Amino acid sequence: MYNLNAETLFPPSIDSQVYTSWLTCKRKFANRYLYHMQTQYESTDLIAGASLAAAMEAARTDFYLHGKSQEEAIFSAMRAAILEYGDHVPQKPEKTIKRVLDAVVAYFDHFPLGMDDLEPVILADGHPAVEAKFRIPLGIAHPETGEELCYTGTMDFVATKYKQVFPVDEKTTGGGFTQAWEQQWHLRNQFIGYLWALRQAQITGHGAIVRGITFPKKVDPDEVANHQFIELMIPIAPQVVDYWERQMRQEVQAMLIAYAELKAGNPTFQLSFGVNCNDYNRKCEFMDACTTSNPEVAIAQKFDQLVWMSDRRENVSLAEVKQQLGLA
Ligand code: SF4
């Protein structure tokens, strides 16, 4: 039996991170998305990734929505990257703000806007699909608010290439583009969910495009890193999207049953015992708790109960979120 004796809240919505967490490790799902345990620790990998994503969004918004030139769009991208990086003190020399800005410039040199074979998909509201948010009702009630649960997400960019439609996503790596690195994007829950979301908007997607960017580890701090790039087309068959939808609906029902068992005082939430404890070559944040005889104490010492509010772009205490939802 696993019980942290702390407040809980079923996820207000299901997104690819919540769903992937449920699929990969039930214990992680419970800690992160039912008890909402998070540290205030700022990971340099995540900050640099968010900074790069902000740069891509700013450049594409300026270029495709506002009709600005590539030079103006890159200027906006660099400003957005700096703002997003903020005053973070990097723990990794290869992920400083200078390295992120070098990568942005090199990226648009390698994939020039408007000349890279990608044409943005135009959505029903007439806008190009840049930072396209979706919120799709599942016909299932949230166990606490009674509101309809939705599957949500944001696609950075949806584009056509060779007259086919693909969500486009940038992924970074500290190593090279090995076969294992390339293969990890196949059957990716995130991308299949995007194709399902596009289907709800009457758009048929054919797969995903992954653009890889290397962040070399060994570079003189004063030199420009030699970033490498790759573009992968990951085909996804329509039947896979059908299957994904069926399974996702079943899994959400299973999440609700597991949550009801937790509330009834009989939680399980099994560990994954090493299978997913080191994803992306990074130690799971709950490893120390999972390896002690008293995870309740280990978690209470290291974590706070926080919920990421994407609209406010900040973590908010679970108590405040429950109050806003009328649950406290
Ligand atoms: S350390 Fe492993 S078992 Fe524990 S929560 Fe993380 S993935 Fe699950």
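In short, a report on the structure. (Residues numbered from 1 in each chain as written. Predicted model: local features only at pLDDT ≥ 70, side-chain atom pairs only at ≥ 80, totals over all residues.)

Looking at the packing of helix H4 (residues 70-85) against helix H5 (residues 97-110)
Right, on to step 1. Here H4 crosses H5 at 155°, and the two axes come no closer than 10 Å. As the angle between them shows, H4 and H5 are arranged roughly antiparallel. Crossing geometry of H4 relative to H5 is assigned as right-handed. Of H5, the residues touching H4 (which contributes Gln 70, Ile 74, Ala 77, Met 78, Ala 81, Ile 82 and Tyr 85) are Ile 97, Val 100, Leu 101, Val 104, Val 105 and Phe 108.
Right, on to step 2. Along the lines of polarity and charge, the residues of the contact of H4 with H5 split into twelve nonpolar, one polar and no charged. (Axes fitted to C-alpha atoms, helices over the stretch in contact; angles between N-to-C directions. Helix = DSSP H or I, 4+ residues; strand = E, 2+ residues; numbered from the N terminus. Parallel < 35°, antiparallel > 145°, perpendicular 65-115°, else oblique. Left-handed = near helix turned anticlockwise from the far one by under 90°. Contact = placed C-beta atoms within 7 Å. Nonpolar A, V, L, I, M, F, W, Y, C, P; charged D, E, K, R; others polar.)

Quick notes on the site of the ligand
Right, on to step 1. In the vicinity of the ligand, the contacting residues are Cys 25, Arg 27, Lys 28, Leu 271, Ser 272, Asn 276, Cys 277, Cys 284, Phe 286, Met 287 and Cys 290.
Right, on to step 2. For the shell around the ligand, the secondary structure elements donating two or more residues are helix H2 (26-34) and helix H9 (287-290).
Right, on to step 3. Within the shell around the ligand, the residues separate by chemical class into seven nonpolar, two polar and two charged. (Near = placed C-beta within 6 Å.)

A few points about the packing of helix H1 (residues 16-24) against helix H8 (residues 238-263)
Right, on to step 1. It is at 11 Å that the axes of H1 and H8 come closest, and there the two elements cross at 75°. Viewed along their axes, H1 and H8 adopt a mutual orientation that is roughly perpendicular. Contact residues: Tyr 19, Trp 22 and Leu 23 in H1; Met 248, Glu 251 and Met 255 in H8.
Right, on to step 2. Residue composition of the contact of H1 with H8, by class: five nonpolar, no polar and one charged.

Focus on the sheet that holds strand E9 (residues 314-317)
Right, on to step 1. With antiparallel pairing, three strands are arranged side by side in an open sheet as E1-E8-E9. In this open sheet, the two edge strands, each paired with only one partner strand, are strand E1 (37-38) and E9.
Right, on to step 2. In this structure, strand E8 (residues 304-309) lies alongside E9, joined through four bridges in antiparallel fashion. Each bridged residue has a counterpart across the sheet, and for Val 307 the counterpart in E9 is Val 316. (Pairing = 2+ DSSP bridges.)

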